[in-house]
Amino acid sequence: MPLNPLLDQRLLKDLLLVLDLAGTFVFAISGAMLGVRRRLDIFGVMVLSFAASSAGGIARDVLIGATPPAAISDWRYIAVAAAAGLVIFFWYSPLSRLQTPILVFDAGGLALFAVAGAEKALAFGLNPLMAALLGMLTGIGGGITRDLLVARTPAVLQGDLYAVAALLGAGVVVVGHLLGWPVVPTAIGGAMACLALRLVAIRRGWSLPVARSDEDQG
Amino acid sequence: MPLNPLLDQRLLKDLLLVLDLAGTFVFAISGAMLGVRRRLDIFGVMVLSFAASSAGGIARDVLIGATPPAAISDWRYIAVAAAAGLVIFFWYSPLSRLQTPILVFDAGGLALFAVAGAEKALAFGLNPLMAALLGMLTGIGGGITRDLLVARTPAVLQGDLYAVAALLGAGVVVVGHLLGWPVVPTAIGGAMACLALRLVAIRRGWSLPVARSDEDQG
Amino acid sequence: MPLNPLLDQRLLKDLLLVLDLAGTFVFAISGAMLGVRRRLDIFGVMVLSFAASSAGGIARDVLIGATPPAAISDWRYIAVAAAAGLVIFFWYSPLSRLQTPILVFDAGGLALFAVAGAEKALAFGLNPLMAALLGMLTGIGGGITRDLLVARTPAVLQGDLYAVAALLGAGVVVVGHLLGWPVVPTAIGGAMACLALRLVAIRRGWSLPVARSDEDQG
């Protein structure tokens, strides 16, 4: 007997919300950890939590005209980010040893945000190329803002195979949209592709090439 | 005999505009002073004036979809910011000795912007938690942008009891809104609460805690 | 015999698009060159290409409420920026010797963006002062974002006569609008004025004054 389709729909929506908030949580942790390392006060740590978890989605929503952004109009995102900030503020030392689990969770957040960002951009009528790029921006924008707030060049611009994984996940969603694939399996496929590429890149130390330049940093 | 209510309304509006422009002026001065210290040219000093005085309100307006932002559509804000920039550019040395009056005026600007920002966010239908946070953002966004433009970590993230005062002022407005208090006395109360907390924090050197971390800055 | 007016219109529109994309290309090159010098990976170089070429127009469009911004909704802008990024990534060393042609092209991009930005702001009903300033922002916003992404104080804030040239070009457009001059010759005049001022400033080493300050950098 098939599931009740309405119930199914509601379950799916709840599942997506839970995943979205889980992504928010792990990204917020990355922001809070950087804030503690840079000796920010408790407010600064929570600003970095929120920025790392939400700036990508906020940038996407402002660019496509979906104001106020979801991270602003729904209190649950900031509540989750604040919780992550407080956890890190008070238990930084024990948690900072869990590097590998945090990297894995972060890869999960990246996969989810990239896929959800591409879906939302398509829903707002963006062309496929830009929808894929906005999906990527949703995934990496938080980390960029987090790094800019402590005045350092964003890590994602320097060698790691991170944005490319986000672009892969978002790209799968967009290609599926163009070819008329069913939405949910395509989204799952995109997220799996992003996650797999990111995890392999972490394990093997894959990185992107840097150009040759005969000059000093200028 | 009561005042003519229409006259009263108009007086209030004029008063609010004067206060808003006064807040713009003191914030612009903080931006211009940083610009001079970092040896920016006259144009750079005026950009920092404008950014310090208006970036918080612009960010709030972009996030709630109130475009073009007031600081862009009303020429008086940029005129006031430019005037502050020119004053500091030409009389930096004598004015830079007036540290205490400037801190007091800056606290006044913070109080006003936080309250006005929360009112505007409520008027645009934001939920109470986010309205309070957007009020805070209106107060502190200018200083954050000012600091980012000279590539330093925003001072507000590092120890001072500054954002918390803004949040207190905005929070009073939001609580009053939820409980149906009259608007004007609530706004005055919020501004006074913010101002009082900020001034006491300056005088007593209160600051926010910093997390313990066994690592160097990373 | 006069030209067919419809054909004329279409030619003009094509010409403007070509000029706009040319401006995008030269600005993207300035971003890519900075990215290579700072040893960003190939993705980082392309992000700086896109940011340098499009952030000014995106900021203008977000501020006036024209979302999604043209640089997001039209794939040609990002394609041109990506092409410039790839060219610089693979041929940085030979191209980095062409300093003078690049400065001249950059001045051309500045002139075009300033004029086009002011026209668009006027078309969206901004007041003349703000239209001129948004024209300037369209011209200089890309360079500011490019510099912030590598955590350095924007070059445009430090001495060069660059923003003033953009403001002159945008100002000519706005004055012409107020006085009812015909659009196309006014736009050409504004672009020529910006270009001429910028080129003379480069050749003669003109720069803006810096304020006297008895203090160290703070």
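Reading the values: rules and limits
Residues numbered from 1 in each chain as written. Chains lettered and ligands numbered in written order. Predicted model: local features only at pLDDT ≥ 70, side-chain atom pairs only at ≥ 80, totals over all residues. Heavy atoms only, no water. Helix = DSSP H or I, 4+ residues; strand = E, 2+ residues; numbered from the N terminus. Rg over C-alpha atoms; globule rule 2.2 N^0.38 Å. Contact = heavy atoms within 4.5 Å. Areas by Shrake-Rupley, 256 points an atom, 1.4 Å probe, with all protein chains shown as cover. Lys, Arg positive; Asp, Glu negative; His and termini not counted. Charge placed at Lys NZ, Arg CZ, Asp CG, Glu CD. Expected span 1.5 Å × (residues − 1). Bend = angle between axes of the 7 residues up to and from the residue. Buried < 20%, exposed > 50% of the residue type's maximum accessible area, 1.4 Å probe, protein only. Polar contact = N/O pair within 3.5 Å; in protein donor to acceptor, adjacent residues only side chain to side chain. Least-squares fit on C-alpha atoms with pLDDT ≥ 70 in both. UniProt positions renumbered as here; feature names shortened; annotations may be inferred. Buried area = accessible area lost by both parts, 1.4 Å probe. Nonpolar A, V, L, I, M, F, W, Y, C, P; charged D, E, K, R; others polar. Salt bridge = Lys/Arg side-chain N within 4 Å of Asp/Glu carboxyl O.

Right, let's get into the overall build of chain A. For chain A, the count of helices and strands is nine helices and zero strands. Helices and strands in chain A line up, N terminus first, as α-α-α-α-α-α-α-α-α. The C-alpha atoms of chain A give 18 Å as radius of gyration, which agrees with the globular expectation for 218 residues (17 Å, within 12%). Projected onto the principal axes, the alpha-carbon positions of chain A cover approximately 55 × 45 × 35 Å. Restricting to contacts in chain A with at least 6 residues of sequence separation, those with at least 24 account for 75%. Carbon together with sulfur atoms contributes 68% to the accessible area of chain A, which is approximately 9,900 Å² in total. In chain A, 15 side chains carry a positive charge and 13 a negative one; their mean positions are 6 Å apart.

The next thing to look at is helix α7 (residues 128-149) of chain A. All names here are of chain A. Look at α7: 31 Å from first C-alpha to last across 22 residues, which is about the 32 Å you get at 1.5 Å a residue. Within α7, the axis deviates most sharply at I140, by approximately 45°. Of all 22 residues that make up α7, 17 are buried, and the element is covered over most of its length. Backbone nitrogen of L129 and a side-chain oxygen of the N-cap are separated by 3.2 Å at the start of α7; the cap is N127. Looking at the residues trailing α7, positive phi occurs at A151, about 60°.

For the rest of this paragraph, the subject is the relation of the copies chain C and chain A. Once turned by 120° and shifted 0.0 Å along the axis, chain C lies on chain A with an RMSD of 0.0 Å. Taken together, the rotation and translation relating the two chain copies correspond to the operation of a three-fold axis. The C-alpha atom lying nearest the rotation axis in chain C is that of C:A151; the distance is 3.2 Å. In this assembly, only 12% of the residues forming the interface of chain C have copies in chain A that are likewise at the interface, indicating a heterologous arrangement.

The subject of this paragraph is the UniProt feature "transmembrane region" (unreviewed entry) in chain A. Residue and element names in this part refer to chain A. Per the UniProt annotation, the sites labelled "transmembrane region" (unreviewed entry) are residues 15-36, 43-63, 75-95, 102-123, 129-149, 161-179 and 185-202. Here residues 75-95 is 95% helix and 0% strand, with 26 Å between the C-alpha atoms at its ends. Counting secondary structure, residues 129-149 comes out at 100% helix and 0% strand; the distance between its end C-alpha atoms is 29 Å.

A few words on the environment of A:G169. Residue and element names in this part refer to chain A. Topologically, G169 is positioned in helix α8 (residues 163-179). For G169, a relative accessible area of 0% corresponds to the buried category. With 21 residues separating them in the primary sequence, G169 and G190 have C-alpha atoms 4.2 Å apart. Residue contacts for G169: discarding those within four places in its chain leaves V115, G190 and C194.

Right, let's get into helix α8 (residues 163-179) of chain B. Look at α8(B): 24 Å from first C-alpha to last across 17 residues, which is about the 24 Å you get at 1.5 Å a residue. Among the residues making up α8(B), those that are buried are B:A163, B:A165, B:A166, B:G169, B:A170, B:G171, B:V173, B:V174 and B:G176. Each element contacted by the buried residues of α8(B) is listed here: α2 (42-64) of chain A together with α6 (99-123), α7 (128-149) and α9 (183-204) of chain B. Immediately downstream of α8(B), the backbone of B:G180 shows phi near 75°, a positive value.

Right, let's get into the UniProt feature "domain: Glycine transporter" (unreviewed entry) in chain A. All names here are of chain A. Annotation from UniProt places "domain: Glycine transporter" (unreviewed entry) at residues 18-92 and 104-176. Secondary structure content for residues 18-92 is 85% helix and 0% strand, while the C-alpha to C-alpha distance between its ends is 25 Å. What you have in residues 104-176 is 77% helix and 0% strand, and the ends, taken at the C-alpha atoms, are 26 Å apart.

With that settled, consider the relation of the copies chain A and chain B. Rotating chain A by 120° about the axis while translating it 0.0 Å along that axis superimposes it on chain B, leaving an RMSD of 0.0 Å. With a heterologous cut-off of 20% or less, the 12% of interface residues of chain A that recur at the interface of chain B puts this contact in the heterologous class.

Facing the 32 residues of chain A at the interface are 35 residues of chain B. Summed over both partners, the interface of chain A with chain B comes to about 2,600 Å²; 65% of that surface belongs to carbon and sulfur atoms. Connecting chain A to chain B are four residue pairs in polar contact (both at pLDDT 80 or more). Sorting elements by how many residues they give to the side of chain A that touches chain B places α2(A) first, with seven residues. Class assignment for the residues of the side of chain A that touches chain B results in 21 nonpolar, five polar and six charged.

On to the pattern of salt bridges. What the rule picks out here adds up to 18 salt bridges over all chains. Measuring nitrogen to oxygen at the nearest pair gives 3.5 Å for the salt bridge that ties A:D160 to A:R198. Residue A:D160 is located in the loop between α7 and α8, and its partner A:R198 is located in helix α9 (residues 183-204); the two are separated by 38 residues in the primary sequence. Take A:R198: its relative accessible area is 4%, and that puts it in the buried class. Put simply, C:R76 and C:D74 hold a salt bridge, and the shortest N to O gap is 3.2 Å. Residue C:R76 is classed as partly exposed on the basis of its relative accessible area, which comes to 34%. The buried category is assigned to C:D74, whose relative accessible area is 18%. Each of A:R60, A:D61 and A:K120 takes part in one network of salt bridges that share partners.

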